[in-house]
Amino acid sequence: MSLPKGLAEEVSKNLVMVARLIDEDPEQAYAYSRIALRLASRVAAVREAAGFAAYATQKYSEALAEFRAAKRMTGSVELWPVMADCERGLGRPERALAMAGEPEVQKLDKAGQVEMRLVAAGARRDQGQLEAAIVTLQSPELASSAVQPWTARLRYAYADALLAAGREDEAREWFGKALEADKDGATDASDRLAELDGVEFVDAAVDLSDDDEIENEDLAEDDRDADDEDDAEAEDEDDEDPAEVAAAERATDVTEYYDEDDEEYEPLEQSADDADVRGDKA
């Protein structure tokens with residue numbers, strides 16, 4: 001509302017593209033965010049969008065600067081967890097943990113507090129404190145049977161921490177619980193469960209291995225050899241005497257339709273052509 005109408009429309013179009021592309025093509029989303037930032041750097045929504053685009057492309061220093069600017073403009077603390085996660089991305093987990101203990105956390109809504117807990121647990125793991133990470137995630141929200149938007153991710157993080165600590169049976173249980181709550185496929189809990197159970201998925205569309213290619217080449221060679229033999233037989237048949245062929249066919253007919261063990265067996269009378277052929281052979 002603080003921008004002229006034409007400029008506001010141009011900025012909003014770029015922000016829409018950021019929202020559309022940030023998951024599928026974060027680099028392109030980042031490019032659109034820079035355009036919006038150049039047009040309206042004093043708008044808090046633009047600074048926030050630019051921060052998330054930078055965060056999606058792992059430009060954590062830049063993202064943190066944009067989030068801080070947006071926080072100053074609005075006075076809101078809702079970006080506090082993602083700001084702390086930027087500190088983790090910059091290799092400063094101790095700062096993320098310090099932020100988890102700041103008064104701003106108490107001003108967050110329930111979703112924000114759960115997000116802050118996830119970031120704090122991640123910071124503990126960054127420092128190699130697996131058991132501390134597990135304890136950090138143990139909360140009323142984790143124990144609750146009610147499914148909230150954050151439930152699947154919280155359970156998944158807990159299962160992953162348990163697995164990292166070597167507590168495989170408990171991890172399997174919590175991956176299962178995460179899968180139950182994950183209606184939108186936000187996690188890969190099903191794949192993690194399959195991996196724990198020793199199930200291996202094979203892509204039917206993978207390219208043939210070298211052995212398969214060799215085998216197929218051998219089969220093709222066999223087919224070519226068979227075709228060559230058929231062609232040779234066909235040539236031999238073309239060279240045969242028509243009279244001999246006719247005699248052979250009649251002999252086959254006798255064998256096929258008459259049984260010498262049958263009392264009613266009466267061989268066909270010998271034709272003149274057959275006699276001539278036999279005479280010639282003699």
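Residues numbered from 1 in each chain as written. Predicted model: local features only at pLDDT ≥ 70, side-chain atom pairs only at ≥ 80, totals over all residues. Heavy atoms only, no water.

Quick one: what's the story with the overall build of the protein chain, residue by residue and with numbers?
Within the protein chain, the regular secondary structure consists of 15 helices and zero strands. By sequence separation, contacts in the protein chain at least 24 residues apart represent 48% of the contacts at least 6 residues apart. Carbon and sulfur atoms form 46% of the exposed surface of the protein chain, whose accessible area is close to 18,300 Å². (Helix = DSSP H or I, 4+ residues; strand = E, 2+ residues; numbered from the N terminus. Contact = heavy atoms within 4.5 Å. Areas by Shrake-Rupley, 256 points an atom, 1.4 Å probe, with all protein chains shown as cover.)

Give a detailed account of helix α8 (residues 130-137), specifying residues and quantitative values.
Three- or four-residue spacings in an α-helix give side chains the same orientation, since the helix completes a turn every 3.6 residues. Among all positions of α8, only Ala133, Ile134, Thr136 and Leu137 are buried. The buried residues of α8 occupy an angular sector of 160° when the element is viewed end-on, so they sit on one face. Residues of α8 that are buried sit in contact with α7 (110-126), α9 (140-143) and α10 (151-164). (Buried < 20%, exposed > 50% of the residue type's maximum accessible area, 1.4 Å probe, protein only. Arc of directions from axis to C-beta.)

Explain the packing of helix α11 (residues 168-181) against helix α12 (residues 189-196) to me, using residue names and the numbers behind them.
The contact between α11 and α12 brings their axes to 9 Å, and the two run at 150°. Relative to α12, the element α11 lies roughly antiparallel. The two elements α11 and α12 meet at a crossing, and its hand is left-handed. Facing Glu168, Arg172, Phe175, Gly176, Ala178 and Leu179 of α11, the residues of α12 in contact are Ala189, Ser190, Arg192, Leu193 and Leu196. Within the contact of α11 with α12, the residues separate by chemical class into six nonpolar, two polar and three charged. (Axes fitted to C-alpha atoms, helices over the stretch in contact; angles between N-to-C directions. Parallel < 35°, antiparallel > 145°, perpendicular 65-115°, else oblique. Left-handed = near helix turned anticlockwise from the far one by under 90°. Nonpolar A, V, L, I, M, F, W, Y, C, P; charged D, E, K, R; others polar.)

Can you tell me about unusual backbone geometry, naming the residues and giving the values?
Of note, Gln58 is a non-glycine position whose phi angle comes to about 65°, a positive value. Relative to the elements of secondary structure, Gln58 occurs in the loop between α3 (44-56) and α4 (60-74).

For the environment of Gly112, give the residues involved together with the corresponding values.
Examined against the element boundaries, Gly112 turns out to sit in helix α7. Separated by 38 residues in sequence, Gly112 and Trp150 place their C-alpha atoms 9.6 Å apart.

Lay out the pattern of salt bridges with the relevant residues and their values.
Counted by the stated rule, this structure contains 17 salt bridges. Between Arg172 and Asp197 there is a salt bridge, with its nearest N and O atoms 3.0 Å apart. Here the residue Arg172 occupies a position in helix α11, and Asp197 occupies one in the loop between α12 and α13 (210-239), the gap between them amounting to 25 residues. What makes Arg172 partly exposed here is its relative accessible area of 25%. Between Lys177 and Glu173 there is a salt bridge whose closest N-O contact spans 3.3 Å. (Salt bridge = Lys/Arg side-chain N within 4 Å of Asp/Glu carboxyl O.)

Go over the packing of aromatic side chains, please, and point to the residues and values.
Enumeration according to the criterion identifies four aromatic pairs in this entry. A ring pair is formed by Phe52 and Phe67, whose centres lie 5.0 Å apart and whose planes are at 70°; its orientation type is edge-to-face. Of this pair, Phe52 sits in helix α3 while Phe67 sits in helix α4, placing them 15 residues apart in sequence. Note on Phe52: relative accessible area 30%, which makes it partly exposed. Residue classification places Phe67 among the buried residues on the basis of a relative accessible area of 0%. Relative to Tyr60, the ring of Tyr55 lies with its centre 5.9 Å away and its plane at 75°, an arrangement referred to as edge-to-face. Look at Tyr55 and you get partly exposed, because its relative accessible area is 24%. For Lys59, the ring lying beneath its charged end belongs to Tyr30, and the centroid distance is 4.4 Å. Lying over the aromatic face of Trp174, Lys177 brings its terminal NZ or CZ to 4.1 Å of the ring centre. (Phe/Tyr/Trp six-rings, centres within 6.5 Å; stacked < 30°, edge-to-face > 60°. Lys NZ or Arg CZ within 6 Å of the ring centre and 35° of its normal.)

Go over α10 with me, naming the residues and quoting the values.
An ideal rise of 1.5 Å per residue puts 20 Å on 14 residues; α10 measures up with 20 Å between its terminal C-alpha atoms. Listed as buried for α10 are Thr151, Ala152, Leu154, Arg155, Tyr156, Tyr158, Ala159, Ala161 and Leu162. Taken together, the buried residues of α10 touch α7, α8, α9, α11 and α12. Just downstream of α10, Gly166 is the residue with a positive phi angle, here 85°. (Expected span 1.5 Å × (residues − 1).)

Please set out the layout of surface pockets residue by residue, giving values where relevant.
Reported here for the largest pocket is a volume of approximately 420 Å³. Lining the largest pocket we find 21 residues, and of these Asp85, Glu115, Leu118, Val119 and Arg153 sit closest to its centre. Of all elements in the fold, only α3, α5 (80-89), α7 and α10 reach the threshold of two or more residues within the lining of the largest pocket. (1 Å grid on protein atoms, 1.4 Å probe; cavity = no way out; pocket = protein on both sides within 12 Å on 5 of 7 lines; lining within 4 Å. Points joined across faces, edges and corners; volume = space filled by probe spheres on them.)

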